[in-house]
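# Summary of the model geometry
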Amino acid sequence: MAMADRDRITRPGTRRTDARRGRRWWRRLSTAIERLPRGAGTLAVFVMVLASVTYGIVKGGHADAVGAELADIRDAAANAAGFQIASIALTGEKQLSREDILNIAGISGRASLLFLDADEARARLKANPWIADATILKLFPDRLHIAVTERRAFALWQKNGRVRVISRDGAVVERFAAPHVAHLPLMVGDGANKKAADFLAAMNNYPELRDQVHAYVRVADRRWNLRLKSGIDIRLPEAEPVQAIEALMALDRDRKLLTRDIVAIDLRIRDRVTVRLSDEAAAARAEALKDKTGKRKGGDA
């Protein structure tokens, strides 16, 4: 007999076997319920029905909707008993509005103070990038106090062509830069957001240079380049960049280096400054050297 034929012959037997096992299981369950004390059988049946309903809700993907409905019913009962939130005191909001904070915390007009989960609401608030910390106090029977500590817009961070707003600790608080934050320092490159606070604090000691900077460029997350508004690129060393800036400022005081027609200043090698002239300045210098050489040859003749 072919394999397919054997399969067709054995399948009905398999179904009969499963049916017999199911009937035996049900008889055993019924017998167990009958042996329970008076009233316990009804309770057991109720538990079975409740479990079946719960399984159907979860299996059907309706758990969230049913949970929300039950929460509304629970809150309505608590509100009727005098636990409706009548007053919400909110402090610390600057970037976010009052409506934003309440929505983030999950507090609606239907919420009751009795069933409000303060820990969950605080966790939801702290998950927002603008909020560094939050405190929620339930003052029974009907008052709520929320205090938030917001992060402040500290700098702009450009990576892969996208500019974001970051806080002092480097966290991204806005995915795009609006015009009202365009005045913030521009940090560019991988790792620039995490190193921004320390480096900008050092740059504050050199306001005459800081005010000329268009962008602070992090190179391979190891060192900084300063792109000036004039177009000059200042390449700082990985080690002791502040000492290199100090040397640069001394050169600028003595020789007005930053006002010359140059495109780059390389400070990466200790005790050496390499300057790259612009194309026009390089051509003019080459012409001047040619004239000077010509005059020397004429004098020798």
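Before any of the text, the structure's been laid out above.
Residues numbered from 1 in each chain as written. Predicted model: local features only at pLDDT ≥ 70, side-chain atom pairs only at ≥ 80, totals over all residues. Heavy atoms only, no water.

## A look at the nonpolar core
Judged by nonpolar contacts, the single largest core of 31 residues is most densely connected at L209, Y216, L226, I234 and L236. Those elements giving two or more residues to this core turn out to be β4 (155-159), α6 (192-203), β8 (213-219), β9 (223-228), α8 (241-255) and β11 (262-266). For this core, the leading source of residues is α6, giving six residues. Listed in part, the 30 residues of the second largest apolar core include A121, L144, V181 and L186. (Core = buried A, V, L, I, M, F, W, Y, C linked by side-chain atoms within 4.5 Å. Buried < 20%, exposed > 50% of the residue type's maximum accessible area, 1.4 Å probe, protein only. Helix = DSSP H or I, 4+ residues; strand = E, 2+ residues; numbered from the N terminus.)

## Some points on unusual backbone geometry
Geometrically, the link from F140 to P141 is a cis peptide bond, its omega value of 15° lying close to zero. The topology assignment puts P141 in the loop between β2 (131-139) and β3 (143-150). At K256, a position not held by glycine, the phi torsion is positive, near 50°. Although it is not a glycine, D271 adopts a positive phi angle of roughly 65°. Looking at the element boundaries, D271 is found in the loop between β11 and β12 (274-277). Residue classification places D271 among the exposed positions, given a relative accessible area of 78%.

## A few points about the pairing of β3
Burial of the side chains of β3 is restricted to one face: L144, I146, V148 and E150 are buried, whereas none of R143, H145, A147 and T149 on the reverse face is. Judged from the five bridges that link them, strand β1 (residues 87-91) and β3 form a sheet pairing that is parallel. Bridge assignment links A89 to a residue of β3, and that residue is H145. In the sheet, β2 pairs with β3 via eight bridges, with the strands oriented antiparallel. Across the sheet, K138 pairs through a bridge with L144, a residue of β3. (Pairing = 2+ DSSP bridges.)

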